[in-house]
Amino acid sequence: MFRKILVANRGEIAVRIARAAHALGIRVAAVHSEADRGALHVRVADEAHLCGPAPARDSYLRAERILEIAKACGADALHPGYGFLSENSDFAEQCAAQGIAWIGPPADVIRRMGDKVLARRSMHEAGVPVVPGATERLTDAEASAAAQRIGFPVMVKATGGGGGRGMRAVQTAGDLGAALARARSEAGASFGDDGVYVEKLILGARHVEVQLLADAHGKVLQLFERDCSAQRRHQKLIEEAPAPGLSPGLRERLGAAALTAARAVGYVSAGTVEFLLAPDGQFYFLEMNTRIQVEHPVTEAVTGIDLVQAMIRVAAGEPLGLRQQDIELRGHAIEARIYAEDPKQSFLPSPGRLSVFRPPTGPGLRVDAGVEAGSEVTVHYDALLAKLVAFAETRDAALARLDAALAGFAVAGVRTSIPFQRWLLRQDVFRSASVDIGFVERSWPKGGAGPLDPSLRPLAVAAARAALGGSCGPMLGGPEAAVTVRPKVVDVLIDGDLFSFPREELLP
Ligand code: MV4
C-alpha cells in the first residue's frame, strides 16, 4: 500500500480523500493556493505545500508544479479529486511516467472518453445505446444533411465538450446555420477544438448515471444508479440513489449497459456512465466521467462501499474483494449540494466569511464539508461549501430527514442554496419522482427578483424576528419558513418567496 498520497485538489473532496487515506493508514500531503493557506483541507493534511496564487490556473491547475511537489515530498501516489486536473490525460500520463501512481483510470481511457465523438463511437460499437445521430465530427454541410436525416429538433454538440458546454438545441432547419457557428466558436474558445456533431434532441428526459468500480485484474462492478435530474444550467442541486421509480428490469439493463461500456474501454478505478432516460423508457449513453464524482456519497450510502478507499486500493494494485452478487441496494439516499450562491439572484456567487457554519447531525445524516466556521469563501473557486446527505429505509423518510436537516443547517455570512432546496423538496413534481432535466429552469419561481406574495410578509417578519431573538441560532427552520441571518440582512423563504429584511427594520 502507498505511504503518502498527494491530494491535488481543495475543498470538500480534498477533505474526503484525506479521510479515506488516513483510514487506510496513509499519510496525506495537501497542495494549496495563497488564498487557501488556512483552508480546512490544509488543516486535515499531514503536510501542505503552496502551489501558487489564488487563481486556479496559477495554482491547482499547474500540472508541472504539482508533479514537482509530489516528487519533492516523497508521495508515491496522487489523487486528483474532481475538476482541476482530474480529467487531464497528459497529466495522468506524466504522473505515471514519473513514478507517482495515478489514483484514477488509465490515461488512454481518460483521453478516449474526453473526445465525445470517439466516446460515442466506442459505445455504439460496443452495443451500448447512443442517441440517434452522427458518430463523427462534421463539416457544416454534413451537419445539415445529418440533421435532415435525423429530423428536427436536433442537438448540436462540441466534440471536445462535456458537461453541456458548447451544446445547442436547434428547432428548425432555418436555425441550424447560426447554431453551428455559435457552437463552433464557443467550442473553439473553450477547448481549442471547434469540431461539432449532431444528435436527435431528446426532450423531457431524466439524467440517470451508473457508478462503476473496476480493478486492474479485470474485475468490473456496477454500483447501481443515481438520479441527478434536479439541476440548473448543468449545476446539480439534488442527487439521489437509487433513481426513484425505475423498474427492476430497467435498473438491470442500465447496469448491464454500464458494465459493457466499462469493459469496452478497459476501465479501471471508479467512474460513471451518464445516461439520458427518455419519457418512453429508452435510455441513451451520454458521457463517461473518468473521475470520482461530487455525488458519490449517495451511492456509498445505499451500497455500503467506500468508493474513495476502493480507488486507492485499486490504484495500489489490490484486487477488489467483491463480487457483483455481493452488492446490494439498501434504503434510499438524497444529497443536497450546499452552495454559497444566492438562489433569489439567479444563483449569483455569494462570497464572504462564514461567521457561523454549523451543519446538522443525527441518525442517517452525513455531511462532507470543505469549510468550517470562520472560513473565507472567495470567488476564485467553485461555490460548493458542503454536501448534506440523508439516508433512510424509504425515499419518503430520506426526504423528510433531508428537509429537517436543511432547516437546521446554520450558515451565516453568505447566502446559500438551502432555501432553494427546501422549496424543491416541497414540490409535488419532486415528491412524485417526476423531475426531468428541465424542471428547475422552468419552475424555480424567483430566479430573478420576481414579485412576492404580500400576504406572506407578516409571517416572514415573524419568522425573521423569531430567528433573531430565539435560541435556535442564526438559522431557523419550520414547516413554512427557512431563515438565514446575515450580518446586515435576514432572509426568509416561504413557499418559494424569498423576503430580505434589513436588520433595523426588524427591531420592535
Ligand atoms: C442531450 C440532451 C438532449 N438530447 N443530448 C447535457 C450535458 C451533456 N452530458 C449532455 N447533455 C444533454 N445532452 C440530446 N441528444 C440534453 C442534455 C442536457 C442534460 C443532460 C444531463 C443532465 C442535465 C442536462 C441539462 C440540459 C441538457
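Below or above, wherever it landed, is the structure these notes cover. Bear in mind the structure is a predicted one, so any value in this text is a computation, not a measurement.

The rules behind each value
- Residues numbered from 1 in each chain as written.
- Predicted model: local features only at pLDDT ≥ 70, side-chain atom pairs only at ≥ 80, totals over all residues.
- Heavy atoms only, no water.
- Helix = DSSP H or I, 4+ residues; strand = E, 2+ residues; numbered from the N terminus.
- Buried < 20%, exposed > 50% of the residue type's maximum accessible area, 1.4 Å probe, protein only.
- Contact = heavy atoms within 4.5 Å.
- Lys, Arg positive; Asp, Glu negative; His and termini not counted.
- Charge placed at Lys NZ, Arg CZ, Asp CG, Glu CD.
- Salt bridge = Lys/Arg side-chain N within 4 Å of Asp/Glu carboxyl O.
- Core = buried A, V, L, I, M, F, W, Y, C linked by side-chain atoms within 4.5 Å.
- Near = heavy atom within 4 Å.
- Polar contact = N/O pair within 3.5 Å; in protein donor to acceptor, adjacent residues only side chain to side chain.
- Areas by Shrake-Rupley, 256 points an atom, 1.4 Å probe, with all protein chains shown as cover.
- Nonpolar A, V, L, I, M, F, W, Y, C, P; charged D, E, K, R; others polar.
- Pairing = 2+ DSSP bridges.
- Axes fitted to C-alpha atoms, helices over the stretch in contact; angles between N-to-C directions.
- Parallel < 35°, antiparallel > 145°, perpendicular 65-115°, else oblique.
- Left-handed = near helix turned anticlockwise from the far one by under 90°.

1. Re the overall build of the chain
Helices and strands together make up the secondary structure of the chain, namely 17 helices and 26 strands. Projecting the C-alpha coordinates of the chain onto the three principal axes gives extents of approximately 70 × 60 × 45 Å. Classification of the 508 residues of the chain by burial places 57% in the buried group. The contacts of the chain with a sequence gap of at least 6 include a subset with a gap of at least 24, amounting to 65%. The distance from the centre of the 57 positive side-chain charges to the centre of the 59 negative ones in the chain is 2 Å.

2. Overview of the environment of G331
Relative to the helices and strands, G331 is located in the loop between α11 (307-315) and β14 (332-339). We classify G331 as partly exposed; its relative accessible area is 22%. Ignoring any residue separated from it by four or fewer positions in sequence, one finds G331 in contact with A241, P242, V302, F391, A392 and E393.

3. Remarks on the pattern of salt bridges
Tallied over the entire structure, the rule returns 36 salt bridges. Residues D342 and R415 are paired through a salt bridge, measuring 3.1 Å at the closest nitrogen-oxygen approach. Taken as a pair, D342 in strand β15 (residues 341-342) and R415 in the loop between β22 (410-412) and α13 (418-426) lie far apart in primary sequence, 73 residues in all. Across this residue pair, the class does not change: D342 and R415 are buried. Members of the salt-bridge network, linked through shared partners, are R16, R19, E300, D306, R366 and D368.

4. Brief notes about the environment of R27
By the secondary structure assignment, R27 is in strand β2 (residues 27-33). On the basis of relative accessibility, which here comes to 44%, the residue R27 falls in the partly exposed class. Residues R27 and P248, spaced 221 residues apart in sequence, show a C-alpha to C-alpha distance of 42 Å. Apart from residues no more than four positions distant in its own chain, R27 is found in contact with R3, K4, I5, D46 and E47.

5. Regarding the side chain of S269
The topology assignment puts S269 in strand β12 (residues 269-277). Setting aside residues up to four positions removed in sequence, S269 forms contacts with G104, P105, L212, L213, A214, M311 and V314.

6. Remarks on the nonpolar core
By size, the foremost hydrophobic cluster in this structure holds 75 residues, and its most contacted members are I5, I238, I312 and L402. Of all hydrophobic cores here, the second largest spans 28 residues; its members include M123, V208, L246 and A257.

7. Brief notes about the site of the ligand
If you check the shell around the ligand, you find 18 residues, and the closest are K157, E199, K200, I202 and E287. Backbone polar atom of K200 to a nitrogen atom of the ligand: 2.7 Å apart, as the coordinates give it. Taking E274, its side chain carries an N or O atom lying 3.3 Å from a nitrogen atom of the ligand. Taken by itself the ligand offers 510 Å² of open surface, and the protein chains cover 90% of this. If you list the elements that add at least two residues to the shell around the ligand, you get β6 (154-162), β8 (196-200), β12 and β13 (283-289). Partitioning the shell around the ligand into residue classes produces 8 nonpolar, 5 polar and 5 charged.

8. Looking at the sheet that holds strand β7 (residues 165-170)
As summarised here, the arrangement of the 3 strands in space is β7-β6-β8, forming an open sheet in which the pairing is antiparallel. Each edge of the sheet is formed by a strand with only one pairing partner; in this case those strands are β7 and β8. Between one strand and the next, the sheet's axes are offset by a mean angle of 25 degrees, whatever the strand orientation. Looking at chain direction, β6 and β7 are connected through 5 bridges and run antiparallel. Following the sheet pairing, K157 is matched in β7 by M167. Strand contacts of helix α6 (residues 116-126): β6 and β8, with the helix running at about 110 degrees to β6, the strand carrying the most contacts.

9. A look at the environment of M113
Tracing the sequence through the fold places M113 in helix α5 (residues 107-114). Residues M113 and G162, 49 residues apart in the sequence, show an inter-C-alpha distance of 9.9 Å.

10. Observations concerning the sheet that holds strand β11 (residues 235-241)
Taking strand neighbours across the sheet as the criterion, the 8 strands line up as β13-β12-β9-β10-β11-β14-β21-β19 in an open arrangement whose pairing is antiparallel. Single-partner strands in this sheet number two, and they are β13 and β19 (365-369). Recorded for the sheet is a direction-independent mean angle of 25 degrees between the axes of neighbouring strands. Two strands pair when backbone bridges link them, and strand β9 (residues 206-214) and β12 are joined in this way by 9 bridges, in the antiparallel orientation. Considered in β12, the bridge of V208 is made with F275. Set on the sheet, helix α10 (residues 296-303) makes contact with β9, β10 (220-232), β11, β14, β19 and β21 (384-392); between it and β14 the angle comes to about 155 degrees.

11. So, the packing of helix α3 (residues 63-72) against helix α4 (residues 89-97)
Where α3 contacts α4, the two axes come as close as 11 Å, and the packing angle between them is 25 degrees. If you check the angle between α3 and α4, you find them roughly parallel. Seen from above, α3 lies across α4 with right-handed handedness. In this structure, α3 contributes A63, I66 and L67 to the contact, and α4 contributes F91, Q94 and C95.

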